[in-house]
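Residue-level structural notes
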Amino acid sequence: MKKQEKTLKTKERIFAAALAEFGSKSYDSASVNSICETGQIPKGLIYHNFTGKDELYLLCVKTCYEEMTAALKSQPFEMQDAKKSLQSFLLIRQRFFQENPCYANIFFNALLQPPKHLMQELAQLRRGLDEYFSQCCLAILDCLVLRDGITR
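Residues numbered from 1 in each chain as written. Predicted model: local features only at pLDDT ≥ 70, side-chain atom pairs only at ≥ 80, totals over all residues. Heavy atoms only, no water.

**Comments concerning the nonpolar core**
Counting 37 residues, the largest nonpolar core has Phe22, Ile46, Leu56, Tyr57 and Ile106 as its most contacted members. Breaking this core down by element, the ones donating at least two residues are α1 (3-22), α2 (32-39), α4 (53-74), α5 (82-99), α6 (101-112) and α7 (119-141). Apart from the residues lying within four places of it in its own chain, the contact partners of Phe22 are Tyr27, Ala30, Ile35, Lys53, Leu56, Tyr57, Cys60, Asn105 and Ile106. (Core = buried A, V, L, I, M, F, W, Y, C linked by side-chain atoms within 4.5 Å. Buried < 20%, exposed > 50% of the residue type's maximum accessible area, 1.4 Å probe, protein only. Helix = DSSP H or I, 4+ residues; strand = E, 2+ residues; numbered from the N terminus. Contact = heavy atoms within 4.5 Å.)

The following block contains the structure:
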């Protein structure tokens, strides 16, 4: 096995253990020691490949947002009327979380209890998902007849 392949497999093992850790605990409750135990990975190997807990957490959040956006885009909801369209969109999101329970915890913790020192990075990571969600909301608004004086 080439060194690059071995390094990639190691990073994948570390990521899987980090995903399990952050997928079941909040940022504050998670620890590098638990990641090491879960993945049976020496701590030195984690710090050789990642700078620490923050980088691992941000990677998990980034992957969550990317996977969720891809799932939402791959199952476009039907634009029938605003209520049905919004329900369809939310059902797709719910299905995504049912199929990816670790991502549900990561998503809601990053949104509702973000580590204060990572708020700027988290907002930047969420930008693509927010843009897609805004596009969906605007498309849903297009299904409505707005009252006079109310604009999109």
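There is more to say, and it comes next.
**Let's talk about unusual backbone geometry**
Phi is positive for Gln40, close to 50°, though the residue is something other than glycine. With respect to the helices and strands, the residue Gln40 is situated in the loop between α2 and α3 (43-49).

**Side note on the state of the cysteines**
The tally for this structure, following the rule as stated, stands at 0 disulfides. No disulfide involves Cys60; its sulfur sits 8.8 Å from the nearest other cysteine sulfur, which is in Cys102. Free cysteine: Cys137, not disulfide-bonded; nearest cysteine sulfur from Cys136 at 7.0 Å. (Disulfide = S-S within 2.5 Å.)

**Describing the packing of α4 against α5**
Relative to each other, α4 and α5 sit at 130°, their axes nearing to 10 Å. Here α4 lies oblique to α5, going by the angle between them. The chirality of how α4 crosses α5 is right-handed. Across the interface between the two elements, Cys64, Glu67, Met68, Ala71 and Leu72 of α4 pack against Phe89, Ile92, Arg93, Phe96 and Phe97 of α5. (Axes fitted to C-alpha atoms, helices over the stretch in contact; angles between N-to-C directions. Parallel < 35°, antiparallel > 145°, perpendicular 65-115°, else oblique. Left-handed = near helix turned anticlockwise from the far one by under 90°.)

**Some points on the environment of Phe22**
Mapped onto the elements, Phe22 comes out in helix α1. Classification of Phe22 as buried rests on a relative accessible area of 1%.

**So, the packing of aromatic side chains**
Throughout the structure, instances matching the rule amount to 10 aromatic pairs. With centroids separated by 5.3 Å and ring planes inclined at 45°, the aromatic side chains of Phe97 and Phe107 adopt a geometry described as tilted. With Phe97 in helix α5 and Phe107 in helix α6, this pair connects stretches of sequence that are 10 residues apart. You can call Phe97 buried: its relative accessible area is 9%. (Phe/Tyr/Trp six-rings, centres within 6.5 Å; stacked < 30°, edge-to-face > 60°.)

**Side note on a nonpolar patch on the surface**
A surface patch of nonpolar side chains, amounting to about 290 Å² of accessible area, comprises Phe108, Leu111 and Leu112. By the secondary structure assignment, Leu111 is in helix α6. Judged by relative accessible area, Leu111 falls into the partly exposed class, the value being 38%. (Patch = residues over 30% accessible without salt bridge, like charges linked within 9 Å, V, L, I, M, F, W, Y side chains within 5 Å. Areas by Shrake-Rupley, 256 points an atom, 1.4 Å probe, with all protein chains shown as cover. Salt bridge = Lys/Arg side-chain N within 4 Å of Asp/Glu carboxyl O.)

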